[in-house]
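Now for the letters of each chain:
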Amino acid sequence: MRIDAISIFPDFFQVLDISLLGKAKAQDLIEINIHDLRDFTDDKHRTVDDTPFGGGAGMLMKAEPWGQALDKVITSETIVIFPSPAGDLFKQATAQELALAKHLVFACGRYEGIDQRVVDYARSKAQVRTISLGDYVLNGGEVAAVAMIEAIARLIPGVIGNADSLAEESHSEGLLEYPSYTKPANWRGLEVPEVLLSGNHAEIAKWRKNQALGRTRQVRPELLD
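Residues numbered from 1 in each chain as written. Predicted model: local features only at pLDDT ≥ 70, side-chain atom pairs only at ≥ 80, totals over all residues. Heavy atoms only, no water.

So, on to the overall build of the protein. Assigned secondary structure in the protein consists of six helices and nine strands. Compactness check: the protein gives a C-alpha radius of gyration of 22 Å against a globular reference of 17 Å for 225 residues, more than 25% above the reference. Summarising the internal contacts of the protein: among those between residues at least 6 apart in sequence, 76% fall at separations of at least 24. When the accessible surface of the protein is split by element, carbon and sulfur atoms take 50% of a total near 13300 Å². Taking the 24 positively charged and 32 negatively charged side chains of the protein as two groups, their mean positions are separated by 2 Å. (Helix = DSSP H or I, 4+ residues; strand = E, 2+ residues; numbered from the N terminus. Rg over C-alpha atoms; globule rule 2.2 N^0.38 Å. Contact = heavy atoms within 4.5 Å. Areas by Shrake-Rupley, 256 points an atom, 1.4 Å probe, with all protein chains shown as cover. Lys, Arg positive; Asp, Glu negative; His and termini not counted. Charge placed at Lys NZ, Arg CZ, Asp CG, Glu CD.)

Turning our eyes to something else, we now look at a nonpolar patch on the surface. Taken together, the side chains of Phe9, Phe12, Tyr136, Leu138 and Val143 make up a nonpolar region of the molecular surface, amounting to roughly 440 Å² of accessible area. Mapping Phe9 onto the fold places it in the loop between strand E1 (2–7) and helix H1 (19–26). For Phe9, a relative accessible area of 38% puts it in the partly exposed group. (Patch = residues over 30% accessible without salt bridge, like charges linked within 9 Å, V, L, I, M, F, W, Y side chains within 5 Å. Salt bridge = Lys/Arg side-chain N within 4 Å of Asp/Glu carboxyl O. Buried < 20%, exposed > 50% of the residue type's maximum accessible area, 1.4 Å probe, protein only.)

As a further point, take the layout of surface pockets. In this structure, the largest pocket occupies an estimated 520 Å³ of space. Along the walls of the largest pocket sit 26 residues, with Pro83, Ser84, Pro85, Gly109 and Gly113 positioned nearest its centre. Elements supplying a minimum of two residues to the lining of the largest pocket: strand E5 (78–89), helix H4 (116–125) and strand E7 (127–132). Partitioned by chemical class, the residues of the lining of the largest pocket number 14 nonpolar, ten polar and two charged. (1 Å grid on protein atoms, 1.4 Å probe; cavity = no way out; pocket = protein on both sides within 12 Å on 5 of 7 lines; lining within 4 Å. Points joined across faces, edges and corners; volume = space filled by probe spheres on them. Nonpolar A, V, L, I, M, F, W, Y, C, P; charged D, E, K, R; others polar.)

What the rule picks out here adds up to nine salt bridges. Salt-bridge contacts for Lys25 lead to Asp17; the nearest nitrogen and oxygen are separated by 2.4 Å.

Along its sequence, the protein is carved into domain 1 (1–160) and domain 2 (162–221). Placing a centre on the C-alpha atoms of domain 1 and another on those of domain 2 gives a separation of 35 Å. (Domains from an automatic or database assignment.)

A few words now on the environment of Leu133. Tracing the sequence through the fold places Leu133 in the loop between E7 and helix H5 (142–153). Separated by 48 residues in the primary sequence, Leu133 and Pro85 have C-alpha atoms spaced 7.1 Å apart. Beyond its immediate sequence surroundings of up to four residues, Leu133 is in contact with Leu89, Phe90, Ala144, Ala147 and Met148.

Next up on the list: the pairing of strand E2 (residues 31–36). As judged from the six bridges shared by E1 and E2, these two strands associate in the parallel manner. Across the sheet, residue Arg2 finds its bridge partner in E2, namely Glu31. (Pairing = 2+ DSSP bridges.)

Okay, unusual backbone geometry next. Omega for the bond connecting Lys183 with Pro184 falls within 30 degrees of zero, at 5°, which places this linkage in the cis form. Along the polypeptide, Pro184 turns up in the loop between H5 and strand E8 (186–187). Located in the positive-phi region is Ser19, a residue other than glycine, with phi close to 60°. One can find Ser19 in helix H1. Take Ser19: its relative accessible area is 55%, and that puts it in the exposed class. Although it is not a glycine, Tyr111 adopts a positive phi angle of roughly 60°.

Let us now look at the nonpolar core. Grouped together as the largest cluster of nonpolar side chains are 31 residues, with contacts concentrated most on Leu104, Phe106 and Ile152. Per-element tally for this core: the top contributor is H5, with eight residues. If we skip the residues at most four places from it in the chain, Ile152 touches Met1, Phe90, Ala95, Leu98, Ala99, Leu104 and Phe106. One finds Trp66, Ala69, Val73 and Ile74 within the second-largest nonpolar core, a separate group that totals 21 residues. (Core = buried A, V, L, I, M, F, W, Y, C linked by side-chain atoms within 4.5 Å.)

We now examine the sheet that holds E5. Pairing is parallel across the open sheet formed by five strands, whose spatial order is E2-E1-E6-E5-E7. The open sheet has two free edges, formed respectively by E2 and E7, since each of these has just one partner strand. Each neighbouring strand pair of the sheet contributes to a mean axis angle of 25°, computed without reference to strand direction. (Axes fitted to C-alpha atoms, helices over the stretch in contact; angles between N-to-C directions.)

As structure tokens, this is what we get:
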């Protein structure tokens, strides 16, 4: 998979060079390219924002730098993602769907957002998704983009060493993950559930499913609907 991200703060994406995603890049499992939006301006001040038509607080990101940046990266296989609190909620199912794509472009807005014509223009050239990380507002799209990139890229075959672990994670089957334990069996007076020490795999599987259901019912009951 190829991933491009466009931002006025490209340093935000340095975190993608470490841990499993860094290894995946080194092994050519994923290609990640970060672009500075200011490189696509044509004035000496490298201006990317201006006042909004109709008035209002704050500044809005100008269309032309975005148009030039998107022209550089969009291909016939591109899905352009605009992180936005006004978008569809990002879920595990979203990550699974996007992990099948060949090319993703993350367009990271700042200030009061991006001129709407940029979204309309991108939609004329490629598939466009406006996606929200959650019901809150961030200072820009970079943090949301990094979170989505990690959630998506880790589902690409070969990125996670033990692929079986993906099947039992929270939200993979619509439930929160069951609690997990490791050695020692007794830690500061707290015992590991006896069933996990029994060696009875059928009973362990049953216990884990019940724990997942119970945790989901208590913490995220709407997932059971």
